[in-house]
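A structural walkthrough
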Amino acid sequence: MEKLYEGKAKIIYPGPEAGLVRVYFKDDATAFNGQKRAQIAGKGVVNNQVSAALFRYLEDQGIPTHFVKLLSEREMLVKKVHIVPLEVIVRNRTAGTFSRRYGVEEGRVLPKPLLEFSYKNDALGDPLIYPEAALALGLLSEDELERIRELALWINTLLKDYFAQRNLELVDFKLEFGRLEDGRLVLADEISPDTMRLWEMGTGEKMDKDRFRRDLGGVEEAYQEVLRRVLAGVYTKSDYE
Ligand code: 5GP
């Protein structure tokens with residue numbers, strides 16, 4: 001089947017009709033702007049199903065997303081969008097590049113959720129970008145920026161609560177937004193252990209891609225455990241029908 005696009009973790013295929021595309025989730029994992037590569041067995045299955053469950057939950061709460069339905073263990077049908085070339089990062093605690101950039105230990109609770117933007121550009125290494133610079137570059141409009149801010153903080157509140165119910169703390173995560181044909185903004189890409197930091201409540205054990213980035217071992221097991229907790233009470237067989 002002809003590919004429309006192949007990224008590091010997903011392949012996009014044409015959908016059954018105009019305006020829809022099929023997303024296939026691979027087991028390939030990369031980190032540090034593609035310098036570290038490996039396969040994580042079963043990751044595609046986990047990320048597809050975790051993303052589907054989270055998109056459904058968010059839609060139910062009023063967040064517009066690109067999600068249409070699950071097609072198989074590794075594939076979902078989504079609305080075709082033009083991606084806004086920004087990584088929208090929400091942080092509840094210090095970790096990762098924030099800790100490195102400012103020289104603070106990981107795990108400090110931030111006084112309020114922090115929004116950061118990176119310019120999605122592999123050649124430049126996805127640099128941090130001021131919202132004003134994103135506007136100056138014409139990456140999005142002022143109205144879109146305001147809407148993205150509002151949606152990202154709302155999504156944070158919803159996902160923090162969702163994961164707290166599963167004994168996981170949402171430390172930080174990355175979102176991408178896209179424009180539908182008619183220009184409306186929707187949440188796109190994926191939301192999975194590849195794109196979030198999830199710490200076990202109480203112990204702080206890492207249950208996300210940091211296990212791969214930092215060679216902590218137990219990578220497959222952590223992904224499977226996140227899926228297990230997400231599916232508890234959510235999954236039904238009709239998901240594939
Ligand atoms: P950091 O900026 O600390 O590296 O990442 C913050 C959060 O956003 C983490 O949960 C991380 O997984 C996610 N994130 C940031 N950039 C990327 C990216 O390029 N790809 C993926 N998959 N996740 C990212």
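Each value, and the rule that gives it
- Residues numbered from 1 in each chain as written.
- Predicted model: local features only at pLDDT ≥ 70, side-chain atom pairs only at ≥ 80, totals over all residues.
- Heavy atoms only, no water.
- Buried < 20%, exposed > 50% of the residue type's maximum accessible area, 1.4 Å probe, protein only.
- Helix = DSSP H or I, 4+ residues; strand = E, 2+ residues; numbered from the N terminus.
- Pairing = 2+ DSSP bridges.
- Contact = heavy atoms within 4.5 Å.
- Axes fitted to C-alpha atoms, helices over the stretch in contact; angles between N-to-C directions.
- Salt bridge = Lys/Arg side-chain N within 4 Å of Asp/Glu carboxyl O.
- Domains from an automatic or database assignment.
- Buried area = accessible area lost by both parts, 1.4 Å probe.
- Polar contact = N/O pair within 3.5 Å; in protein donor to acceptor, adjacent residues only side chain to side chain.
- Near = heavy atom within 4 Å.
- Areas by Shrake-Rupley, 256 points an atom, 1.4 Å probe, with all protein chains shown as cover.

All right, on to the pairing of strand β3 (residues 20–25) then. With respect to burial, β3 is a largely interior element, five of its six residues being buried. Two elements, strand β2 (residues 10–14) and β3, share five bridges in a ladder whose sense is antiparallel. Bridge pairing in β3 places Ile11 opposite Tyr24. Linking β2 back to β3 in an antiparallel pair, the connection comprises five residues, with Gly19 at a positive phi of about 90°.

Within a beta sheet, neighbouring strands are joined by backbone hydrogen bonds and run either parallel or antiparallel to one another. Taken in spatial order, the five strands make up an open sheet running β1-β2-β3-β7-β6, and their pairing is antiparallel. Among the strands making up the open sheet, the edge pair consists of β1 (5–6) and β6 (67–72). As paired elements, β1 and β2 share two bridges and run antiparallel to each other. Bridging from a neighbouring strand, Glu6 pairs with Ile11 of β2. Set on the sheet, helix α1 (residues 43–60) makes contact with β3, β6 and β7 (75–79); between it and β6 the angle comes to about 150°.

A word on the pattern of salt bridges. Throughout the structure, instances matching the rule amount to 31 salt bridges. Its salt-bridge partner being Glu116, residue Arg91 comes within 3.1 Å of it at the nearest N-O pair. You can see Arg91 sitting in strand β9 (residues 86–93) and its partner Glu116 sitting in strand β10 (residues 109–119), a full 25 residues away along the chain. Given the relative accessible area of 7%, Glu116 is considered buried. The partner of Lys174 in a salt bridge is Asp189, and the shortest N-O contact between them spans 3.3 Å. Of the two residues, Lys174 is situated in strand β11 (residues 168–179) and Asp189 in the loop between β12 (185–188) and β13 (196–200); the sequence distance between them amounts to 15 residues. You can call Lys174 buried: its relative accessible area is 15%. Several salt bridges converge on common partners, so that one network encompasses Arg91, Arg101, Glu106, Glu116, Asp172, Arg197, Asp210, Arg213 and Arg214.

As a further point, take the domain arrangement of the protein. As assigned here, the protein comprises domain 1 (5–81) and domain 2 (82–218). Here domain 1 and domain 2 have C-alpha centroids that lie 17 Å from each other. Summed over both sides, the interface between domain 1 and domain 2 buries roughly 2600 Å², with carbon and sulfur atoms accounting for 66% of that surface. Three residues stand out in domain 1 for area buried against domain 2, namely Leu54, Tyr57 and Val81, and they jointly supply 23% of the buried area on that side. One salt bridge connects Lys43 with Asp194, and the closest N-O pair in it is separated by 2.7 Å. Between domain 1 and domain 2 we count 16 residue pairs in polar contact (both at pLDDT 80 or more) in total. Elements supplying a minimum of two residues to the side of domain 1 that touches domain 2: β4 (28–31), β5 (36–39) and α1.

Okay, the environment of Leu140 next. By secondary structure assignment, the location of Leu140 is in the loop between α3 (131–136) and α4 (142–164). Leu140 sits 121 residues away from Gly19 along the chain, and the two C-alpha atoms are 21 Å apart. Beyond its immediate sequence surroundings of up to four residues, Leu140 is in contact with Val84, Leu86, Ala134, Leu135, Leu145, Ile148 and Arg179.

This part takes up the site of the ligand. Around the ligand sit 15 residues, and of these Arg91, Thr97, Asp172, Arg197 and Arg213 come closest. Between the ligand and Thr97 there is a distance of 2.5 Å, counted from an oxygen atom to a side-chain nitrogen or oxygen. A distance of 3.1 Å is found between a nitrogen atom of the ligand and a backbone nitrogen or oxygen belonging to Asp194. Relative to its free-state accessible area of 490 Å², the ligand is covered by the protein chains to the extent of 81%. Secondary-structure elements contributing two or more residues to the shell around the ligand are β9, α2 (96–102), β11 and β13.

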